[in-house]
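Fold and geometry: a report
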Amino acid sequence: MSAHEDAHHPVPRTLADKVRAATGLNPARCYQCGKCSAGCPMAAETTLRPHDVMRLVNQDRPDRLMDDESIWLCLGCETCAARCPNECEPARVTDAVREIVAAARPDAAPRAIRAFHAAFLDQIRKHGRLGEMGLIMGYKLRSGHLFADAAAAPGMMSRGKLAFVADKVEDVEDVRRIFAGCAAHGEEG
Amino acid sequence: MKVAYFPGCSMHGTSREYGESLHAVAEPLGVELDEVRDWNCCGASSAHASSRMLAVALPARSLALAEAQGHEQLLAPCAACYNRLAGARHEIAEDAELAGHVKRILARPFENRVAVLNAVEVLRDLGETIKAKATSPLKGLKVACYYGCLLVRPAAVTRFDDPEDPSSMEAVVKACGAEPVAWRMRLECCGGGFSLSRKPSVVRLGRAILEDARKAGADAIAVACPMCHSNLDFRQKAMARDGEDKPPMPIVFITQVVGLALGIAPEKLGMQRHFVSTKRVTSRGNGEATAPAAEVG
Ligand code: SF4
Ligand code: SF4
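Just so it is clear, the structure is predicted and the values come from calculations on it, not from any experiment. (Residues numbered from 1 in each chain as written. Chains lettered and ligands numbered in written order. Predicted model: local features only at pLDDT ≥ 70, side-chain atom pairs only at ≥ 80, totals over all residues. Heavy atoms only, no water.)

**Some remarks on the overall build of chain B**
Of the regular secondary structure elements, chain B holds 14 helices and eight strands. Taking 2.2 N^0.38 as the reference for a compact globule, 297 residues should give roughly 19 Å; the C-alpha atoms of chain B span a radius of gyration of 19 Å, in line with that estimate. For chain B, the spread of C-alpha atoms along the three principal axes comes to 60 × 45 × 30 Å. Considering chain B as a whole, with its 297 residues, one finds that 63% of them fall into the buried category. Put simply, of all contacts in chain B between residues at least 6 apart along the chain, 77% involve residues at least 24 apart. Taken as a whole, chain B presents about 10,900 Å² of accessible surface, with 50% of it coming from carbon and sulfur. Positive and negative charge centroids in chain B, built from 36 and 34 side chains respectively, lie 3 Å apart. (Helix = DSSP H or I, 4+ residues; strand = E, 2+ residues; numbered from the N terminus. Rg over C-alpha atoms; globule rule 2.2 N^0.38 Å. Buried < 20%, exposed > 50% of the residue type's maximum accessible area, 1.4 Å probe, protein only. Contact = heavy atoms within 4.5 Å. Areas by Shrake-Rupley, 256 points an atom, 1.4 Å probe, with all protein chains shown as cover. Lys, Arg positive; Asp, Glu negative; His and termini not counted. Charge placed at Lys NZ, Arg CZ, Asp CG, Glu CD.)

Below is the structure:
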């Protein structure tokens, strides 16, 4: 038994417990009606649809969720949450599962999607804002998709749509402190 | 009305025309936009996909800055920023423990007092002013109002309209003298977040939206989200099926629709910056006859 454990804050053991601790949602409310999946725009492309994710959380199968890219393909559009008759909020459960899975296995997400998020967050850490040019270059380097959309850049530029110089937050140190504070919080939590 | 203004990153880049058209209509409608000094990126879907704390703390910094500037309302025209800012405000209000952590991480005064507004609700509430000032009402223009996902969901966060059957954007379009069409896809997701990383998904989702709007007889799709806009506008070529020969569908920001009705020149609204020609729409604003569909694009 861990030293932290007490009656009020038991150390979460199962995946459902961890999701509950992170979100305050109770995945056990799901009765597998499938309404969430019927409305999910990504269901046509994923092996695990939102109701499958809910079931695997309740069956404590992080392995199944980890071995599949489905959870990383959620768009966060919240259609599932709007359709669910039980307020299960599959989108938020999926968010929490991603965070739990990524903590255990940082390379779990598909490379292209990981590359995009990493490049995006890099931009914010560097400038406090998003330089789209920097985002695209960063994404290409990290994803290996070096020539994707290369033809689009001239069209974007002639329309005045790609800012070359990243817009910058003056007190960018303040933004970096927020990143550090959140990372430190993650380690404590 | 004076509000704090959160431009968001895409207003200076891919969606310049959204910012330009917002500023162009703000003045005649009596809205003063006071930019949040030193605002930072809301983190969008990337912070959201990585850490809940970061997804809340990044928008909270800008909310705290707006508060320090003395504001009670903040306008975030980008639907994605709006969703993240309103979502953070909601989560902090609902969860005292989270609020404590966020305050500690921000290390600045923060009472979570600023309400977050989107452009559609602000324009809806100005409907009467728009009607009164519409010198070039867009008679006969059929508009498919596209909400997408970020404006209306989650219901607990957005609240300004009925999440299942919203009507704000249609009200704005009507105030402009144009005609909203009834269609099915207005609340579906366009896949925006995957624009760079998963193009086939974006093409599949966007194509369904374009086809439905066409079936409903729309001349244009109105949006309030830079990501929806660049997906449906910039990616529209990729969405056409092989050998398909349909007139392209102009994708316009709701602020551009209002600007045209107010008689503002299309160039001031950035309408020349689109990938898909907006002629079908701009020709209405100036009271000219519309070109037949076959001649467009
Ligand atoms: S809609 Fe709700 S109850 Fe039904 S399967 Fe999905 S999460 Fe479970
Ligand atoms: S939020 Fe994710 S799981 Fe829910 S409907 Fe949208 S894509 Fe599907």
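**Some thoughts on the domain arrangement of chain B**
Residue and element names in this part refer to chain B. In terms of domains, chain B is made up of domain 1 (2-119) and domain 2 (134-282). Between domain 1 and domain 2, the C-alpha centre-to-centre distance is 23 Å. At the junction of the two partners, domain 1 supplies 22 residues and domain 2 supplies 25 residues. Summed over both partners, the interface of domain 1 with domain 2 comes to about 2,000 Å²; 67% of that surface belongs to carbon and sulfur atoms. Area buried by domain 1 at its contact with domain 2 is led by E17, Y18 and N83, which between them contribute 27% of it. Taken together, the links from domain 1 to domain 2 amount to one salt bridge. A salt bridge links E20 to R273, with the nearest nitrogen and oxygen atoms 2.8 Å apart. At the junction of domain 1 with domain 2, the criterion picks out seven residue pairs in polar contact (both at pLDDT 80 or more). Contributions of two or more residues to the side of domain 1 that touches domain 2 are made by α1 (16-29) and α4 (79-94). Class assignment of the residues belonging to the side of domain 1 that touches domain 2 gives a composition of twelve nonpolar, seven polar and three charged. (Domains from an automatic or database assignment. Buried area = accessible area lost by both parts, 1.4 Å probe. Salt bridge = Lys/Arg side-chain N within 4 Å of Asp/Glu carboxyl O. Polar contact = N/O pair within 3.5 Å; in protein donor to acceptor, adjacent residues only side chain to side chain. Nonpolar A, V, L, I, M, F, W, Y, C, P; charged D, E, K, R; others polar.)

**Side note on the packing of α4 of chain B against helix α5 (residues 96-106) of chain B**
All names here are of chain B. Running from amino to carboxyl end, α4 crosses α5 at an angle of 115 degrees, the nearest separation of the two axes being 5 Å. Residue-level inspection shows E91, I92 and E94 of α4 in contact with α5, the latter providing A96, L98, A99 and V102. Across the contact of α4 with α5, the residue classes tally to five nonpolar, no polar and two charged. (Axes fitted to C-alpha atoms, helices over the stretch in contact; angles between N-to-C directions.)

**Describing the sheet that holds strand β3 (residues 73-75) of chain B**
Residue and element names in this part refer to chain B. Taken in spatial order, the four strands line up as β2-β1-β3-β4 in an open sheet, and their pairing is parallel. At either end of the open sheet lies a strand with only one pairing partner, and these are β2 (32-35) and β4 (115-117). Ignoring which end each strand starts from, the neighbouring axes of this sheet average 40 degrees apart. Note that strand β1 (residues 2-5) and β3 share two bridges and pair parallel. Of the residues in β3, the one forming a bridge with A4 is L74. Its contacts with the sheet place α4 against β3 and β4, and it is angled at close to 160 degrees to β4. (Pairing = 2+ DSSP bridges.)

**Remarks on the sheet that holds strand β5 (residues 142-145) of chain B**
Residues and elements named next belong to chain B. Read from one edge of the open sheet, four strands run β6-β5-β7-β8, paired in parallel fashion. Among the strands making up the open sheet, the edge pair consists of β6 (179-180) and β8 (251-253). Judged from the three bridges that link them, β5 and strand β7 (residues 220-223) form a sheet pairing that is parallel. Within the sheet, the bridge partner assigned to C145 lies in β7 and is A222.

**Re helix α9 (residues 168-175) of chain B**
Residues and elements named next belong to chain B. By the criterion of burial, α9 is predominantly enclosed, with six of the eight residues buried. Of the positions making up α9, those classed as buried are S168, M169, E170, V172, V173 and A175. The inward-facing, buried residues of α9 contact α6 (119-125), α7 (127-133), β5, β6, β7 and α13 (254-261). Looking one or two places after α9, you find G177, whose phi comes out positive at around 85 degrees.

**Notes on helix α3 (residues 52-68) of chain B**
Residue and element names in this part refer to chain B. Its 17 residues place the ends of α3 24 Å apart at the C-alpha level, agreeing with the 24 Å of an ideal helix rising 1.5 Å per residue. Taking burial as the measure, the 17 residues of α3 include 15 buried ones, the bulk of the element. One or two residues past the end of α3 sits G70, with phi positive at roughly 90 degrees. (Expected span 1.5 Å × (residues − 1).)

**What about the environment of K168 of chain A?**
Residues and elements named next belong to chain A. Mapped onto the elements, K168 comes out in the loop between α9 (152-158) and α10 (172-188). By relative accessible area, K168 is classed as partly exposed at 49%. When the C-alpha atoms of K168 and I71 are compared, they prove to be 33 Å apart, with 97 residues separating the residues in sequence. Not counting residues up to four positions away in its chain, the partners in contact with K168 are K126, H127 and R129.

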